[in-house]
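Each chain, written out:
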Amino acid sequence: MRVDAHLDLAYNALDLGRDLTLPLEALREAAQTPDTPLVSLPSLREGGFGLVFATVFVDPKRHAERLYPEALRQLALYREWEERGLVRLVRSRRDLETHLRAYPEDGVLGLLLLLEGAHVLPEPEALDELHALGVRMVGLTWATANAYAGGNAEPAPLTPLGEALLRRMEALGVALDVSHLSDAAFFPALSHFRGPVAATHANARALTPTPRHLSDEMLLALKAREGVVGLVPFNTFLDPAWTRGMPRLPLNALFAHKTYLEARLGRERVGLGSDWDGGFGLEYVPMGLEAHRDLERLGDEGFLGGNWLRWLQTWL
Ligand SMILES: [Zn+2]
């Protein structure tokens, strides 16, 4: 089974108004956005992607006055999809085993719920409710600094509230996604948190030198914690000189990051975290990639899913 470790599905549905139950071609015809859509539930199925880490991502500006209610609204959508038989929430090891058995027969997409950005939490204890609704992974920040930690766009350290949230995550059995953490928060977060860690969507900073990506020191620390990194097929993240309007990059730009990450982490610790439609569309991805079915060009079944599944089986 293939795994994509980062997709903002609820954000796509609610903020961008896309009906993700439609085939990708229909979404593309109906698109009101300047970016051409890359993801729909049928296109994931067509690509053999049976499990995705589906985010609760609440745009901090757009929903500034109602962050937590918007997070609940996204979770309610995932629940509604589950009730309609479109997805299966994976909340436990047992759910995962059930899903692995059922998927080849029914093709129902599994969702592992990931909170991208703790800015939605009014206090660390609020995580208990989100956990009860299925959230099993948390990234402390999304780009900006918040009450818990600094992000890649706004450097700041881990705060005492951030430490309290990490303790809450540990107690609940929730994993830490280190993507988007600022350098000043990354290492303190790892040392305050004893639970499972991963970077669902980040590339190599050595090749794309911005704070959004993982430095060699970070990769070493993730390896020591048996974490997995999800590679992002997004031109801006592959080549810092690339901007929209330039020809789409060749796949080699992606392989350079993959090879680099694999050399530092080991091949069994690199997977996929596409983040497709998480702020960019088809115009921003390497040539040869039009939909999830094309991602099989990028690697073997370990890279396409097995590495994430093994990681989940160590802690879920
Ligand atoms: Zn992100």
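Up top is the structure.
Residues numbered from 1 in each chain as written. Predicted model: local features only at pLDDT ≥ 70, side-chain atom pairs only at ≥ 80, totals over all residues. Heavy atoms only, no water.

Moving on, we get to the nonpolar core. Judged by nonpolar contacts, the single largest core of 89 residues is most densely connected at L9, Y78, L111, L121, L140 and M169. Tallying contributions element by element places helix α4 (residues 67-83) first for this core, with 7 residues. Excluding residues that lie within four positions of it along the chain, L111 makes contacts with L9, L51, V52, A54, Y78, V87, R88, L89 and V90. Core analysis: the next-biggest nonpolar cluster, separate from the first, contains 18 residues, A5, L312, W315 and L316 among them. (Core = buried A, V, L, I, M, F, W, Y, C linked by side-chain atoms within 4.5 Å. Buried < 20%, exposed > 50% of the residue type's maximum accessible area, 1.4 Å probe, protein only. Helix = DSSP H or I, 4+ residues; strand = E, 2+ residues; numbered from the N terminus. Contact = heavy atoms within 4.5 Å.)

Another aspect to go through is the coordination of the zinc ion. The coordination sphere of the zinc ion, as far as protein atoms go, consists of E116 (OE), H180 (NE2) and H201 (NE2), spread over 2.0 to 2.2 Å. Between the donor residues of the zinc ion, the gaps in sequence give the motif E-x63-H-x20-H. Taken together, the residues H180 in the loop between β6 (175-177) and α8 (183-192) and H201 in the loop between β7 (197-198) and α9 (216-224) connect sequence positions 21 residues apart. (Donors = N, O, S within 2.8 Å, 3.2 Å for Na, K, Ca; no water.)

Here the focus is helix α11 (residues 251-265). For α11, with 15 residues, the first-to-last C-alpha span of 21 Å sits near the 21 Å given by 1.5 Å per residue. When we look at burial in α11, the residues that qualify are L251, A253, L254, H257, K258, Y260, L261, E262 and L265. Along its buried surface, α11 packs onto α9, β8 (229-231), α10 (235-238), β9 (270-272) and α12 (301-313). Two residues or fewer past α11, G266 is found with a positive phi of approximately 95°. (Expected span 1.5 Å × (residues − 1).)

In this section: the packing of aromatic side chains. Counted under the stated rule, the structure contains 12 aromatic pairs. Relative to F187, the ring of F186 has its centre 4.8 Å away and its plane inclined at 65°; by these criteria the two rings are edge-to-face. Of the residues examined, F186 reaches a relative accessible area of 0% and is grouped as buried. F187 sits in the partly exposed class, given a relative accessible area of 28%. Judged by centre distance (6.0 Å) and plane angle (50°), the rings of F234 and Y284 are tilted. Of the two residues, F234 is situated in the loop between β8 and α10 and Y284 in the loop between β9 and α12; the sequence distance between them amounts to 50 residues. Chaining the aromatic ring pairs together yields one cluster made of F234, F237, W242, F280 and Y284. The ring of F303 carries the charged tip of K258 above its face, separated from the ring centre by 4.9 Å. The cationic tip of R264 hangs over the ring face of Y260; the distance from NZ or CZ to the ring centre is 3.7 Å. (Phe/Tyr/Trp six-rings, centres within 6.5 Å; stacked < 30°, edge-to-face > 60°. Lys NZ or Arg CZ within 6 Å of the ring centre and 35° of its normal.)

Moving on: the environment of L220. Within the secondary structure layout, L220 lies in helix α9. For the pair L220 and P124, spaced 96 residues apart in sequence, the C-alpha separation works out to 29 Å.

To continue, consider the pairing of strand β4 (residues 109-116). Judged by how many residues are buried, β4 sits mostly within the fold: 8 of 8 residues are covered. Both faces of β4 are covered, namely the face carrying L109, L111, L113 and L115 and the face carrying G110, L112, L114 and E116. Where strand β3 (residues 87-89) meets β4, 3 bridges bridge the pair, whose relative direction is parallel. Within β4, the residue paired with V87 across the bridge is L109. Chirality of the crossover, the property in question, places the unit of β3, helix α5 (residues 93-106) and β4 among those that are right-handed. Taken together, β4, helix α6 (residues 127-132) and strand β5 (residues 135-139) form a β-α-β motif whose crossover is right-handed. (Pairing = 2+ DSSP bridges. Right-handed = clockwise from strand over helix to strand, strands pointing away.)

Relative to the elements of secondary structure, D277 occurs in the loop between β9 and α12. Overall, the relative accessible area of 3% leaves D277 in the buried class. A polar contact is formed between the side chain of D277 and the backbone nitrogen of L38, at a distance of 2.9 Å. Discounting residues that sit within four places of it in the chain, D277 has contacts with Y11, N12, L16, R18, T36, P37, L38 and V39. (Polar contact = N/O pair within 3.5 Å; in protein donor to acceptor, adjacent residues only side chain to side chain.)

Of all 8 residues making up strand β2 (residues 49-56), 8 are buried, and the element is well covered by its neighbours. Bridging between strand β1 (residues 2-7) and β2 involves 4 bridges; their strand directions are parallel. Of the residues in β2, the one forming a bridge with L7 is A54. Relative to β4, β2 runs parallel, the two sharing 6 bridges. Looking at β4, one finds that L51 is bridged to G110.

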